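Summary of structural features
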Amino acid sequence: MQLDSYLEIFTTMYGWAFANIFGEIITGTGLVVIPFMLIVFNAWREAKEQGAETVGVFGVIDRIGTQLIAALFVFSVCFATLPVTSLHSISLSYKPRPTATDPNPAPVTRDGGTGSTFDTAMVDAIDGSMSGAGGSLSNVPAWWFTVMSISAGMNTALRAGINNSESEIRAIEELARIATIEDPALLHSVQRFYSECFKPAQSRYINTVRTDISASGQAILAITNTNYGPNDVGWMGSQLFRTEPGFYADMRAANPVQGFPINFARDGDYYNPSAGAPPPYEGYVNPDWGRPTCKEWWEDAAGVREAMIRQSDRWQNLSNRIALVFTDPDRAKDQLAMLAEHLANPSFVDTTRALGFDASIQQNVGGAVSTIGVFLTQLFSYVTINPLLNGLLMMQAIILMGMYMFLPLITFLSGYNLKVMLYGAVAVFTVKFWAILWSFTVWMDAHLVNAMYPEGFKVTDFIRSTGNDYKLTLMAMLMMTMFLGLPALWTVMMSWIGIRMGTTLDSMVSSTSKTAEGAANRSVGRR
């Protein structure tokens, strides 16, 4: 039996464990026979009120017999348990939904372990040690076992009938929201580039007359340029700063940068022994590394951008997915670098102190604090698929546990009523079907996202309010409507169907009783 979440494996066991405890209390105290006694008493009372001469003895007997047969049937399939329908006789499994970090998850089982934290925390649901009650706590009445099996089988079949993969944009969003920068050296490099290259370039841009910018630079900044546009100069990897003369190509790091060997053609302020000139002073030694241009520092293999992309396997996975959306490799790298800059949250530091001990410590701590702050901002800014879906699936598992727990008790309190048996089946099927509606929602969301972003997007749009904020707001509204509205609509429709079926069943039972009474009375009359 394939279930819909890790938690449901354990809540299913808990629910029926509590249900068996309720059942043992009812049977152990002898309360189990009370509904049968009430059926006999009510049949006699109704006959008395209608007049014994009108109903007749055989009419009363037939009425009691019909109701007792129906009650015994409900009792046997909805209350009495059998070892053959024990949850331990089947394999409870769950196949996790494909995600950006695990596109091909393997199914997990109750007996083989789910690999989740629930295994240790809820192990007593498997071995029954959560209760000291005797007997098996995993037995399920035949009717409810059948309903669970049919519901689970239909869910599995429907889920297999659709391609439920997310869009690449949603996968990128998921990875972007959980991305962090944990390397203090990288944080320090980002901080240095921000202070030594980006802020000076930005200041130079502010003081530049717009007509002095080349035609290609004007095209980059044009409001109609959906790839870059006027906001291009607002981040470290600005295309204008990288391509326009007088900016990154003509600016150098204020201090030596590890990974960039000395190049005397570029590092003219270093002492070149081959030039024949004497050293500045006796004992002078060049630094270990050169001072690259800002363009080299950003774009080269040893540069800041490549360090951002290669910092961990998670970032490499994100880089690979971004490359599937952006055909231009340079733009793909810029998207990832833009996210890293946002997470690092650098601030301007005077270049004379950028390599000092105090500044390094301050930046490392500041970067870590900023990462935490960004995470909290992400957590509360937008509704996203995975947290919402996981929360809803956990809620569904808890609701099903409560339903399983009370089904035998409700069956008993209803007097083993056929209508309650039907209502319970409809309720279980309805709640189980919520998971399929959420799968449909994920499928539909993937298509809507692709429709919303046909011209491309910025990764940082998904984790902060930027140019496409109205689209994110619209997507959040649509997603909430689908995740919550579809199950609500489905539940209302199934409630109406259940009520109609219950009314029809009542009419059938009443008609059967009257037919039996009429036949009995005609038999007495002939005698």
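Here we come to the state of the cysteines. A full pass over the atoms with the stated rule returns 1 disulfide. Disulfide pairing is shown between Cys-197 and Cys-294; the S-S distance is 2.0 Å. On the S-S bond that ties Cys-197 to Cys-294, the torsion sits near -85°, and the link is left-handed. Within this pair, whereas Cys-197 is found in helix α9 (residues 184-206), its partner Cys-294 is found in helix α12 (residues 294-299), the two being separated by 97 residues in sequence. Across the pair, Cys-294 and Cys-197 agree in class, each one buried.

All right, on to the pattern of salt bridges then. Tallying each qualifying case throughout the model produces 18 salt bridges. We note a salt bridge from Glu-196 to Arg-192, for which the minimum N-O separation is 2.7 Å. Taken together, the residues span about one helical turn, with Glu-196 and Arg-192 both in helix α9 at a distance of 4 residues. Both residues of the pair, Glu-196 and Arg-192, belong to the buried class. The partner of Arg-310 in a salt bridge is Glu-306, and the shortest N-O contact between them spans 3.6 Å. Arg-310 sits in the partly exposed class, given a relative accessible area of 48%. A relative accessible area of 12% means that Glu-306 is categorised as buried. Where salt bridges share partners, they join Arg-242, Lys-295, Glu-299, Arg-305, Asp-330 and Asp-334 into one cluster.

Turning next to the nonpolar core. Counting 64 residues, the largest nonpolar core has Trp-16, Tyr-416 and Phe-483 as the members making the most contacts within it. Elements with a minimum of two residues in this core: α1 (6-28), α2 (34-50), α4 (57-78), α6 (124-127), α7 (142-160), α17 (385-413), α18 (418-452) and α19 (469-526). Discounting chain neighbours no more than four positions away, the residues touching Trp-16 are Leu-87, Leu-137, Asn-139, Val-140, Pro-141, Trp-144, Met-148, Tyr-404, Leu-407 and Pro-408.

Before going further, it helps to examine the packing of helix α14 (residues 313-325) against helix α15 (residues 329-344). Where α14 meets α15, the closest approach of the two axes is 8 Å, and the angle between their N-to-C directions is 135°. By the criterion of interaxial angle, the relationship of α14 to α15 is oblique. In this structure, α14 crosses over α15, and the sense of that crossing is right-handed. Where α14 approaches α15, its residues Trp-315, Leu-318, Ser-319, Ile-322 and Ala-323 are matched on the opposing element by Ala-332, Gln-335, Leu-336, Leu-339, Ala-340 and Leu-343. By residue class, the composition of the contact of α14 with α15 is 9 nonpolar, 2 polar and no charged.

Turning to the sheet that holds strand β4 (residues 108-109), a few remarks are in order. If you walk across this open sheet you meet the 3 strands as β1-β3-β4, and the pairing is mixed. Both edges of this open sheet fall to β1 (2-3) and β4, since each of them pairs with a single strand only.

Within the secondary structure, Phe-36 is located in helix α2. According to the relative accessible area criterion, Phe-36 is buried, its value standing at 16%. The spatial distance from the C-alpha of Phe-36 to the C-alpha of Ile-64 is 9.7 Å, given a sequence separation of 28 residues. Here Phe-36 is in contact with Leu-68, Ala-71, Leu-72, Phe-75 and Tyr-416, once residues within four sequence places are set aside.

What follows covers α18. Since there are 3.6 residues in each turn of an α-helix, residues three or four apart along the chain are aligned in direction. The end-to-end C-alpha distance of α18, which contains 35 residues, comes to 50 Å, matching closely the 51 Å that a straight helix rising 1.5 Å per residue would cover. The sharpest bend along α18 measures roughly 25° and falls at Trp-434.

Turning our attention to the packing of α17 against α18. At their nearest, the axes of α17 and α18 sit 11 Å apart, and the two run at 170° to each other. The orientation of α17 relative to α18 falls into the category roughly antiparallel. On α18, the residues that touch Ile-385, Leu-389, Leu-392, Leu-393, Met-395, Gln-396, Ile-399, Leu-400, Met-403, Tyr-404, Leu-407 and Ile-410 of α17 are Val-420, Gly-424, Ala-427, Val-428, Val-431, Lys-432, Trp-434, Ala-435, Trp-438, Val-442 and Asp-445. A class-by-class count of the residues in the contact of α17 with α18 yields 19 nonpolar, 2 polar and 2 charged.

Looking now at the environment of Gln-335. Inspection of the secondary structure assignment puts Gln-335 in helix α15. Residue Gln-335 is classed as buried on the basis of its relative accessible area of 4%.

On to the packing of aromatic side chains, then. Using the criterion set out here, one finds 23 aromatic pairs in the structure. Pairing Phe-412 with Tyr-416 gives two aromatic rings, centres 6.4 Å apart and planes at 65°, and the pair type is edge-to-face. Of the two residues, Phe-412 and Tyr-416, both sit in the buried class. Residues Phe-429 and Trp-490 carry aromatic rings whose centres are separated by 6.1 Å and whose planes lie at 55° to one another, so their mutual orientation is tilted. A residue pair is termed long-range when its members are at least 10 positions apart, and Phe-429 in helix α18 and Trp-490 in helix α19 qualify at 61 residues. Grouping residues by exposure puts Phe-429 and Trp-490 together as buried.

Cut-off values and rules
Every chain is numbered on its own, with residues counted from 1 as its sequence reads. Whole-chain, interface and lining totals are the exception, using all residues; otherwise, since this is a predicted model, local features are given only for residues with pLDDT of at least 70 and side-chain atom pairs are given and counted only at 80 or more. Calculated side-chain values reflect all of the structure's heavy atoms, with hydrogen atoms and water omitted. Any cysteine sulfur atom paired with another within 2.5 Å is treated as part of a disulfide. In this text, helices come from DSSP runs of H or I with a minimum length of four residues, and strands from runs of E with a minimum of two, each type numbered from the N-terminal end. Buried, partly exposed and exposed residues are distinguished by accessible area as a fraction of the type maximum, computed with a 1.4 Å probe on protein chains only: under 20%, between the cut-offs, and over 50%, respectively. For this document, the term salt bridge refers to a Lys or Arg side-chain nitrogen within 4 Å of an Asp or Glu carboxyl oxygen. In this text, buried Ala, Val, Leu, Ile, Met, Phe, Trp, Tyr and Cys residues form a nonpolar core when linked through side-chain atoms within 4.5 Å. It only takes one pair of heavy atoms within 4.5 Å for two residues to be counted as in contact. What counts as an axis is a line fitted to C-alpha atoms, over the stretch in contact for a helix, and the angles between N-to-C directions run from 0 to 180 degrees. An angle below 35 degrees is read as roughly parallel, one above 145 as roughly antiparallel, one from 65 to 115 as roughly perpendicular, and any other as oblique. It is the rotation of the near helix from the far one that decides the hand of a crossing: anticlockwise by less than a right angle makes it left-handed, clockwise makes it right-handed. Any residue outside Ala, Val, Leu, Ile, Met, Phe, Trp, Tyr, Cys, Pro, Asp, Glu, Lys and Arg is labelled polar, Gly included; the first ten of those are nonpolar and the last four are charged. Paired strands, as defined in this entry, are two strands with at least two bridges between them according to DSSP. One fewer than the residue count of a helix, multiplied by 1.5 Å, yields its expected span. Bend is the name given here to the angle between axes fitted to two runs of seven residues, the run ending at a residue and the run starting at it. To pair, rings of Phe, Tyr and Trp, with the six-membered ring standing in for Trp, must have centres within 6.5 Å; the planes then decide the type, stacked if under 30 degrees apart, edge-to-face if over 60, and tilted in the middle.

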